[in-house]
Amino acid sequence: MCKTVLHAPIGWPADDISCMLNRRVIDQHAEEAGFLWGMRHQAVHAPHYNLADIAELDEAVEAHLDGLRVAGQTGRHAAMFLAPDAPENIFPLVVLAFGENGYNRDTLRDAFILGSLNAEALSALVSGLGWLDYATVAPVLPELMGAQVSFYRLVGIAASAIHRQDPGPLLEKLIGDPDDQVRARALRAAGELKRRDLAAQVFAHIKDDNEPCRFWVAWTSSLLRLPNALGALYPYLLDVVSPFNLHALHMGLRCAKPAQQAEWFDTLCNTPGLERQAVIAAGIIGDLEAMPWLIEQMQQPALAKYAGEAFSMMTGVDIYYDDLDLKEEEEEAALEDADNEEDEDSEDDDENDEDDDGEVPENDDEEMPDPDDETDLPVPDPGLIAAWWERHKHHYTIGKRYLAGEIIDANAAINVLRNGLQRQRKAAALELALLQPDWILFETRAPGKRQKRMLNP
């Protein structure tokens, strides 16, 4: 897991064995901090992690960061040495740039240079600023958001939004920023922070020349419950190749009224190529009338895992731990069938890949879970699921919307934020923000201890 970097530290004799052994420990701290943050970066979007798991992983990350802090300047050198090797190694470098007496400008500058290389590096950079207490980074954020360099402004508004701290008049200025990525992130932040006073300025960009900007206008306007917002969001629900498809599904279907939900769900079910989106939509809507149809989808290998997750999203049942999954031999057969189906479609996939010009996606500090990545989802056994539903359906009220086994309201959403799995928690955060007009969107990626303090005042 760890490689040992045996280079002589600055100011230490290269032939001093004890010094080299200490340096070896410090180098391991630097690599483990980056590696574990990379695990955490995946975990906050994963279907099988809850808040307790995230907090436990955070403790492991923090232990290695503490080891680097104790090492002082040598710890920063170790982090800097490893930072160019992989995007995740930028994270500890950012954290180490800040100390009790402010921040080290040179270290932070180096982190920014590396963080500007690609989307993964940017995520690590912003996450590092989000990891630190807000009081620690607060002095630097206005400076970043007011900088002449657009990349600094982008990082500043992203970090401020992740901390869920309103930058005040700076946000209004950044909504009109000449840089597309800065403008898009500011438009999104206006929704996350519930800046209703900026609704008119946000919606004025609905015909922005930049597509990410247009999308985040529709997303923020929907979260703020502005008229006509859902009409602007709707096309993204049907665009399976759009990077905003899942964002649109999760926001649009939650904002829509029941009749509109049913109409959109019917469209997804009856549009070739949108079968996976239809299954995901069933879990978002949470109407248990769809349960028989959903169980039927579990019989299709290519849809089974997604249908299982939608079932769990509605009922709160853990398919793996409740022993409702296919056994190993059956799962292998199902996966083989799914692979065969994917092979038949590979020609179409290759054609789609030709459109990818290799540019970094304009999607700053967060990416939705890849809908094609089903690695951590169990394969449900349709027979066992059907039998479970037959035994337990009388505990549920048909016609009500459910999330993780609870009828959706503010109290249920808070319970899911406390106890649910990460994707359920993210859904609960959206539901809560829509139910409570004055509540900002809860950040389910924040350090676990910080989240627990907010949920258990």
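Everything quoted here is computed from the prediction, not taken from an experiment. (Residues numbered from 1 in each chain as written. Predicted model: local features only at pLDDT ≥ 70, side-chain atom pairs only at ≥ 80, totals over all residues. Heavy atoms only, no water.)

Engineer: What am I meant to see in the overall build of the protein chain here?
Structural biologist: Along the backbone of the protein chain there are 25 helices and four strands. The contacts in the protein chain between residues at least 6 apart in sequence include a share of 68% that link residues at least 24 apart. Surface exposure of the protein chain reaches about 21,200 Å², of which carbon and sulfur atoms provide 50%. (Helix = DSSP H or I, 4+ residues; strand = E, 2+ residues; numbered from the N terminus. Contact = heavy atoms within 4.5 Å. Areas by Shrake-Rupley, 256 points an atom, 1.4 Å probe, with all protein chains shown as cover.)

Engineer: Help me understand the pattern of salt bridges in this model?
Structural biologist: Should the charged atoms of two oppositely charged side chains come close, the side chains can pair. Here the structure, examined in full by the defined rule, presents 21 salt bridges. Ionic pairing is found between Glu 62 and Arg 69, a salt bridge with its closest N-O pair at 2.5 Å. With relative accessibility at 24%, the residue Glu 62 sits in the partly exposed group. The partner of Arg 69 in a salt bridge is Asp 66, and the shortest N-O contact between them spans 2.8 Å. On the criterion of helical spacing, the pair formed by Arg 69 and Asp 66 is a turn pair, its members being three residues apart in helix H2 (residues 51–70). Judged by relative accessible area, which is 34%, Arg 69 ranks as partly exposed. One connected set of salt bridges, linked through shared partners, spans Arg 164, Arg 185, Arg 188, Glu 192, Glu 443 and Arg 445. (Salt bridge = Lys/Arg side-chain N within 4 Å of Asp/Glu carboxyl O. Buried < 20%, exposed > 50% of the residue type's maximum accessible area, 1.4 Å probe, protein only.)

Engineer: Even after reading the chapter, I still don't get the packing of helix H15 (residues 245–255) against helix H17 (residues 275–285), so can you show me in this structure?
Structural biologist: Relative orientation and spacing of two packed helices are given, respectively, by the angle between their axes and the distance between those axes. At a minimum axis separation of 9 Å, H15 and H17 run at an interaxial angle of 40°. Compared by their axis directions, H15 and H17 come out oblique. Crossing hand, H15 versus H17: right-handed. Contacts from Asn 245, Leu 246, Leu 249, His 250, Leu 253 and Arg 254 of H15 reach H17 at Gln 277, Ile 280, Ala 281, Ile 284 and Ile 285. Per-class residue counts for the contact of H15 with H17 are seven nonpolar, three polar and one charged. (Axes fitted to C-alpha atoms, helices over the stretch in contact; angles between N-to-C directions. Parallel < 35°, antiparallel > 145°, perpendicular 65-115°, else oblique. Left-handed = near helix turned anticlockwise from the far one by under 90°. Nonpolar A, V, L, I, M, F, W, Y, C, P; charged D, E, K, R; others polar.)

Engineer: How should the packing of aromatic side chains be read in this particular structure?
Structural biologist: Two descriptors summarise a pair of aromatic rings, namely the distance from one centre to the other and the angle between the planes of the rings. By the definition in use, this model includes 17 aromatic pairs. Measuring from ring centre to ring centre gives 5.6 Å for Phe 98 and Tyr 103, while their planes differ by 40°; the resulting arrangement is tilted. Using a relative accessible area of 8% as the deciding quantity, one classes Phe 98 as buried. A residue is classified by how much of its surface remains accessible, and Tyr 103, at 25% relative accessible area, is partly exposed. (Phe/Tyr/Trp six-rings, centres within 6.5 Å; stacked < 30°, edge-to-face > 60°.)

Engineer: Sorry, what's going on with the environment of Trp 439 here?
Structural biologist: In this fold, Trp 439 is placed in the loop between helix H24 (422–435) and helix H25 (448–455). Trp 439 gets classed as partly exposed once you look at its relative accessible area, which sits at 39%. For the pair formed by Trp 439 and Lys 194, sequence separation is 245 residues and the distance between their alpha carbons is 7.2 Å. Residues within four places of Trp 439 in sequence aside, it is in contact with Lys 194, Ile 414, Leu 432 and Ala 433.

Engineer: Before we go on, may I ask you to explain helix H23 (residues 410–419) in this structure?
Structural biologist: At 3.6 residues per turn, the α-helix brings residues three or four places apart onto the same side. Regarding H23, the residues found buried are Ala 410, Ala 412, Ala 413, Ile 414, Val 416 and Leu 417. Its buried side turned inward, H23 meets H2, strand E3 (402–403), strand E4 (406–407), H24 and H25. Capping the start of H23, Asp 409 holds a side-chain oxygen 3.2 Å from the backbone nitrogen of Asn 411, two or three residues further along. (Polar contact = N/O pair within 3.5 Å; in protein donor to acceptor, adjacent residues only side chain to side chain.)

Engineer: Explain the environment of His 205 here, please?
Structural biologist: With respect to the element layout, His 205 can be found in the loop between helix H12 (199–203) and helix H13 (211–223). Here His 205 is in contact with Ile 175, Gly 176, Arg 183, Leu 187, Arg 214 and Val 217, once residues within four sequence places are set aside. In terms of polar contacts, His 205 uses its side chain to reach the backbone carbonyl oxygen of Ile 175, at 3.2 Å.

Engineer: How should H24 be read in this particular structure?
Structural biologist: Counted at 1.5 Å a residue, the expected span for H24 with its 14 residues is 20 Å, and the 20 Å between its end C-alpha atoms agrees. The buried fraction of H24 amounts to 12 of the 14 residues, a majority that puts the element mostly inside the structure. Along H24, the residues that are buried comprise Gln 422, Arg 423, Gln 424, Arg 425, Ala 427, Ala 428, Ala 429, Leu 430, Glu 431, Leu 432, Ala 433 and Leu 434. (Expected span 1.5 Å × (residues − 1).)

Engineer: Explain the nonpolar core to me, please; I cannot follow it from the model alone.
Structural biologist: Nonpolar side chains in soluble globular proteins tend to end up buried together. In this structure, Leu 171, Leu 294 and Phe 311 are the most contacted members of the largest nonpolar core, which totals 131 residues. If you tally residues by element for this core, the top one is helix H9 (residues 150–162), at eight residues. Every residue in contact with Phe 311, bar those within four places of it in the chain, is listed here: Met 291, Leu 294, Met 298, Gly 316, Val 317, Ile 319, Ile 385 and Trp 388. (Core = buried A, V, L, I, M, F, W, Y, C linked by side-chain atoms within 4.5 Å.)

Engineer: Would you mind going over the packing of helix H6 (residues 119–131) against H9 with me for this structure?
Structural biologist: Between H6 and H9, the least distance of the axes is 9 Å, while the angle of their chain directions is 50°. The pairing of H6 with H9 is recorded here as oblique in orientation. Once H6 is placed against H9, the crossing between them reads as right-handed. Along its contact with H6, which presents Leu 122, Leu 125, Val 126, Leu 129 and Gly 130, the element H9 presents Phe 151, Leu 154, Val 155, Ala 158, Ala 159 and Ile 162. Within the contact of H6 with H9, the residues separate by chemical class into 10 nonpolar, one polar and no charged.

Engineer: How should I be thinking about the confidence of the model for the protein chain in this particular structure?
Structural biologist: The predicted coordinates ought not to be read in detail in places where the model reports low pLDDT. Residues at a pLDDT of 70 or more form 85% of the protein chain, whose mean pLDDT is 88. A low-confidence stretch, residues 1–19 stays under pLDDT 50, and its non-local contacts, those more than four residues away or across chains, total 33 contacts. (pLDDT = per-residue confidence, 0-100.)

Engineer: Got a minute to help me understand unusual backbone geometry in this structure?
Structural biologist: Leave glycine aside and you will find that most residues have negative phi; peptide bonds, for their part, are mostly trans. Notably, Asn 228 is not glycine yet its phi reads approximately 70°, a positive angle. Its place among the elements puts Asn 228 in the loop between H13 and helix H14 (229–238). Of the residues examined, Asn 228 reaches a relative accessible area of 63% and is grouped as exposed. A positive phi angle, close to 60°, is found at Asp 323, a residue other than glycine. Positionally, Asp 323 belongs in the loop between helix H19 (304–315) and helix H20 (328–344).

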